[in-house]
Each structure stands twice: as C-alpha cells, then as structure tokens.
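Given next are the chains, with one letter for each unit.
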Amino acid sequence: MRCYTSVKIVAIMIACYACQSRSSSASNDPYALTDTADYRLTETLQGQGGVYFKTEVYTNPKDTALSYVKVFNYDQQIAAVQFYKSNKKHGPTITFNEKGQRQLGTFYRNDTVIDMHPFNQ
C-alpha cells in the first residue's frame, strides 16, 4: 500500500511539473508581446510620404528608457512592432505581412541580433 501511495505522489509531481513547464514556455515566448500593458502612447509620427503611414511610440512610465514602436502601412494595418532600451533595439521586433499576420520575429539585445524566428503562416 505504501509503494502505491509513493508511485501516486511521484505521478502527480511529474504531471504538475509538465503543466508548469508547458505554461512557462508559453509565457516565456519572447515574441508574445505580453508585457506591453504598462506602456503608454507618447508620440504619433506621420509617414510624411515615406514607406509607412504612421508610427506610434509607446514608453514605459516606470522606466522611460524602455519603449516600443508600432509601425502602420498605408492600409493602416500594423507592419511592425519593435522594442528599444535607451534608443537601441532591445527585445523583440516582429514584422507583419500585408494580411496582418506575423511574418518574422527578430530578437535584439543592445542593438545586436540574438535570434531570428520565421512564423509559419
């Protein structure tokens, strides 16, 4: 009876670990853009005849060195999201296709590419 209880406890521990590792891997996705809730829109720049219609700049009010931009095409669909720290690319950059689907993810650390990740359509 004692052996059965031990096996049952081990099985529960393994199941809990598997659930935790699955949920933490989803939350650790560097391209999930889950940490943007604390940022506030601080500036909107018009394309002025350039390639993009407008760019919105969002800044973290707790740490103003952290920001990200949303770039929109002339169809007013999102074209890219790019994160910065002290005016250097730092964090995910995601480009979107003309249908608004994620096309390519690039992760930067201090203006240096760390990872590139194509998204399957």
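These numbers come from a predicted model, not from an experiment.

Student: Please provide a residue-by-residue account of the nonpolar core, values included.
Tutor: Within the largest apolar cluster, 10 residues are counted, these being Tyr31, Tyr39, Tyr58, Tyr68, Val81, Phe83, Ile94, Phe96, Phe107 and Phe119. Within the residue set of this core, elements represented by two or more residues are strand 4 (78-85) and strand 5 (88-96). Every residue in contact with Phe96, bar those within four places of it in the chain, is listed here: Ile78, Ala79, Ala80, Val81, Gln101, Arg102 and Gln103. Grouped together as the second largest cluster of nonpolar side chains are 5 residues, Val69, Val71, Ala80 and Tyr84 included.

Student: Please set out the sheet that holds strand 2 (residues 54-59) residue by residue, giving values where relevant.
Tutor: One open sheet accounts for 7 strands, arranged 1-2-3-4-5-6-7; its pairing is antiparallel. Of all the strands in the sheet, the pair left with one neighbour each is strand 1 (40-46) and strand 7 (112-118). Put simply, the sheet's adjacent strands are angled 15° from each other on average, direction ignored. Looking at chain direction, strand 3 (residues 66-72) and strand 4 are connected through 7 bridges and run antiparallel. Residue pairing for strand 4: Val71 is matched across the bridge by Ala80.

Student: Please set out unusual backbone geometry residue by residue, giving values where relevant.
Tutor: Comment: phi is negative for the bulk of residues other than glycine, and the bulk of peptide bonds are trans. With a phi close to 60°, Gln76 is a non-glycine residue in the positive phi region. Relative to the elements of secondary structure, Gln76 occurs in the loop between strand 3 and strand 4. In this structure Gln76 comes out as exposed when scored by relative accessible area, which is 54%. Positive phi, close to 55°, is recorded for Asn110, a residue that is not glycine. Positionally, Asn110 belongs in the loop between strand 6 (102-109) and strand 7. Since its relative accessible area comes to 46%, Asn110 is described here as partly exposed.

Quick notes on the rules
Residues numbered from 1 in each chain as written. Predicted model: local features only at pLDDT ≥ 70, side-chain atom pairs only at ≥ 80, totals over all residues. Heavy atoms only, no water. Core = buried A, V, L, I, M, F, W, Y, C linked by side-chain atoms within 4.5 Å. Buried < 20%, exposed > 50% of the residue type's maximum accessible area, 1.4 Å probe, protein only. Helix = DSSP H or I, 4+ residues; strand = E, 2+ residues; numbered from the N terminus. Contact = heavy atoms within 4.5 Å. Pairing = 2+ DSSP bridges. Axes fitted to C-alpha atoms, helices over the stretch in contact; angles between N-to-C directions.

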